[in-house]
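What follows is each chain in one-letter form.
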Amino acid sequence: LRNVEKYFLVGLLSVLDALTDLPLEQVINTLPISNEMKDGLLNHTGTSGDILLSILAYEQGNWDNVLKINLPAQTIRDAYLNSLQFAKTITNEMAS
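The present account deals with the structure reproduced in this document. Per-chain numbering applies: the sequence of each chain, read as written, is numbered from 1 onward. In keeping with the predicted nature of the model, local features appear solely for residues at pLDDT of at least 70, side-chain atom pairs appear and are counted solely at 80 or more, and the whole-chain, interface and lining totals rest on all residues. As a convention, hydrogens and water are excluded, and side-chain values are obtained from all of the structure's heavy atoms.

1. Quick look at the pattern of salt bridges
Move 1: For this document, the term salt bridge refers to a Lys or Arg side-chain nitrogen within 4 Å of an Asp or Glu carboxyl oxygen. Per the stated rule, a full pass over the model turns up two salt bridges.
Move 2: A salt bridge links Glu36 to Lys6, with the shortest nitrogen-to-oxygen separation between them at 2.9 Å. Taken together, the residues span a long stretch of sequence, with Glu36 in helix H4 (residues 35–43) and Lys6 in helix H1 (residues 4–13) at a distance of 30 residues.
Move 3: For the exposure calls, accessible area comes from a 1.4 Å probe over protein chains only, and a residue counts as buried if that area is under 20% of its type's maximum, exposed if over 50%, partly exposed in between. Its relative accessible area of 27% is what places Glu36 among the partly exposed residues. Put simply, DSSP marks the helices as runs of H or I at least four residues long and the strands as runs of E at least two long, and each gets a number from the N terminus on.

Take a look at the structure:
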């Protein structure tokens, strides 16, 4: 999978509305990110949107939709677990 960093960033940005208590569109439109990333975040279109929808499906246990991005299940699982570990590390560092 190419552009892993971009898709990781899309995942991080996808929760900005919850963090800022503002509509996601309002927050996203202030950021210097590509239109493809904005479309993925706001409209769930393009590769970024497909991956974001797959992650949301993973969190909900909707396995048919998880596999729509045609990546091996092990790759998806590993990426998800790595992101959880990253979030745990950041949370621990912020608490220190």
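2. Here we look at H1
Move 1: Here H1 has its buried residues at Tyr7, Val10 and Leu13. Taken end-on, H1 shows its buried residues confined to a sector of 120°, consistent with a single buried face.
Move 2: Any two residues whose heavy atoms approach within 4.5 Å are treated as being in contact. At its buried positions, H1 is contacted by helix H2 (16–20), helix H3 (24–28), H4 and helix H5 (46–60). Directions from the helix axis toward the C-beta atoms define the arc.

3. Considerations on the packing of H1 against H4
Move 1: Here an axis means a line fitted to C-alpha atoms, over the contact stretch when the element is a helix, while the angle between two N-to-C directions is reported on a 0 to 180 degree scale. Running from N to C, H1 and H4 point in directions that differ by 45°, and their axes come no closer than 10 Å. In terms of orientation, H1 lies oblique with respect to H4. Crossing hand, H1 versus H4: right-handed. Listed contacts from H4 to Lys6, Leu9, Val10 and Leu13 of H1 are Glu36, Met37 and Leu41.
Move 2: Looking at the contact of H1 with H4, its residues break down into five nonpolar, no polar and two charged. Each angle gets one of four labels, with under 35 degrees taken as roughly parallel, over 145 as roughly antiparallel, 65 to 115 as roughly perpendicular, and the rest as oblique. The crossing is said to be left-handed when, going from far helix to near helix, the turn is anticlockwise and less than a right angle, and right-handed when the turn is clockwise. Side-chain classes are defined by residue name, with Ala, Val, Leu, Ile, Met, Phe, Trp, Tyr, Cys and Pro counting as nonpolar, Asp, Glu, Lys and Arg as charged, and the others, Gly among them, as polar.

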